[in-house]
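# Coordinate inspection notes
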Amino acid sequence: AQTVTQSQPEMSVQEAETVTLSCTYDTSESDYYLFWYKQPPSRQMILVIRQEAYKQQNATENRFSVNFQKAAKSFSLKISDSQLGDAAMYFCAYRTPQGGKLIFGQGTELSVKP
Amino acid sequence: SAVISQKPSRDICQRGTSLTIQCQVDSQVTMMFWYRQQPGQSLTLIATANQGSEATYESGFVIDKFPISRPNLTFSTLTVSNLSPEDSSIYLCSVADQPYGYTFGSGTRLTVV
């Protein structure tokens, strides 16, 4: 069965600095999708970034980028120029090729210090 | 992406009663998902609801406890039955509406007393 592991329960970053959140996953599939979701206190799940496994190029969305290492089954999120509004719980997720359901990691709570 | 209206946003229920949560989507979607998020925890999939067929439940979740309806391509309900304090959680619906992407409802915070 596929699993997703986030080994950092909490992270802290100074405003305007850069932080990297780690995620590893386990799968025997070769074609899949990976996601980072942000959940602020409002509970709303917000898609941050998405990566297709067949693409070698790392996805980038403004200040957010990923380091996708397929062989190592690693999918880290880098947030540049951190802002106070980035403070939230971040979840890494894996989409199963069959059925299309998402499997989430345990989450990393990010705090941003002014 | 789709817009989901999830209701209620929160509720406090007596043990032994039931709560029905509704999700209305502004476009037709094939797959809808229901998740549970226990306090301080990650999201766990309860079931996948496809229109016109029985919901598919994940291990540890049963239809008698979490009956789901999916009458059409824009609407679904999740009922949490015979409530106990252990059911106190956030419940979220989600749809697969983008190319391999997902949109979530705003969640229902359930407290069982």
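Residues numbered from 1 in each chain as written. Chains lettered and ligands numbered in written order. Predicted model: local features only at pLDDT ≥ 70, side-chain atom pairs only at ≥ 80, totals over all residues. Heavy atoms only, no water.

## Section: the overall build of chain B
Applied cut-off: Here a strand is any run of E in DSSP of at least two residues, a helix any run of H or I of at least four, and the numbering for each starts at the N terminus. Note on method: radius of gyration uses C-alpha positions; expected globular size equals 2.2 Å times residues raised to 0.38. The rule is simple: take the accessible area with a 1.4 Å probe, protein chains only, and divide by the maximum for that residue type; under 20% is buried, over 50% is exposed, in between is partly exposed.
On a plain count of helices and strands, chain B comes out with 0 helices and 11 strands. Counting from the amino terminus, helix and strand elements in chain B follow one another as β-β-β-β-β-β-β-β-β-β-β. Compactness check: chain B gives a C-alpha radius of gyration of 13 Å against a globular reference of 13 Å for 113 residues, within 12% of the reference. Here the C-alpha coordinates of chain B stretch approximately 40 × 25 × 20 Å along the principal axes. Scored against the burial criterion, the 113 residues of chain B give a buried share of 50%.

## A few points about the pattern of salt bridges
The line we're drawing: In the sections that follow, a salt bridge refers to a side-chain nitrogen of Lys or Arg positioned within 4 Å of a carboxyl oxygen of Asp or Glu.
Applying the stated rule across the entire model yields 6 salt bridges over all chains. In this structure, the salt-bridge partner of Arg50 of chain A is Glu52 of chain A, at a minimum N-O distance of 4.0 Å. Look at Glu52 of chain A and you get buried, because its relative accessible area is 12%. Lys65 of chain B is paired through a salt bridge with Asp87 of chain B; the nearest N and O atoms lie 2.6 Å apart. Taken as a pair, Lys65 of chain B in the loop between strand S6 (56-57) and strand S7 (68-72) and Asp87 of chain B in the loop between strand S8 (75-80) and strand S9 (89-98) lie far apart in primary sequence, 22 residues in all. For the pair Lys65 of chain B and Asp87 of chain B, a shared accessibility class is recorded, and that class is buried. What emerges from the salt-bridge pattern is a single network uniting Arg50, Glu52 and Lys55 of chain A.

## Looking at the interface of chain B and chain A
Worth spelling out the cut-off: Any two residues having at least one pair of non-hydrogen atoms within 4.5 Å are treated as being in contact. Buried area counts how much accessible surface, traced with a 1.4 Å probe, disappears from two parts once they are put together, with both parts' losses summed. Side-chain atoms alone can form a polar contact between residues adjacent in sequence; in general such a contact is a pair of N or O atoms within 3.5 Å, and within protein one must be able to donate a hydrogen while the other accepts it.
Counting residues at the interface gives 23 residues for chain B and 19 residues for chain A. Summed over both sides, the interface of chain B with chain A buries roughly 1700 Å², with 50% coming from carbon and sulfur. The partner of Lys101 of chain A in a salt bridge is Glu58 of chain B, with the nearest N and O atoms 2.6 Å apart. Between the two partners, chain B and chain A, sit 10 residue pairs in polar contact (both at pLDDT 80 or more). Contributing elements (two or more residues each) for the side of chain B that touches chain A: strand S4 (31-37), strand S5 (43-50), S9 and strand S10 (101-104) of chain B. The element best represented in the side of chain B that touches chain A is S4 of chain B, accounting for 4 residues.

## As for the sheet that holds S7 of chain B
Residue and element names in this part refer to chain B. Test applied: Strands pair, by our definition, only if DSSP identifies at least two bridges between them. Convention adopted: a line fitted to C-alpha atoms gives each axis, helices being fitted over their contacting stretch, and angles between N-to-C directions are expressed from 0 to 180 degrees.
With antiparallel pairing, 4 strands are arranged side by side in an open sheet as S1-S3-S8-S7. Edge positions in the sheet fall to strand S1 (4-7) and S7, since each of these pairs with one other strand and no more. Sheet twist, expressed as the mean angle between neighbouring strand axes with direction ignored, is 15°. Sheet topology note: the S7/S8 ladder contains 3 bridges and is antiparallel.

## Quick word on the environment of Ser42 of chain A
Residues and elements named next belong to chain A. For Ser42, the position within the fold is in the loop between strand S5 (33-39) and strand S6 (46-52). With a relative accessible area of 48%, Ser42 lands in the partly exposed category. Residues Ser42 and Ala88 lie 46 residues apart in sequence; the distance between their C-alpha atoms is 9.6 Å.

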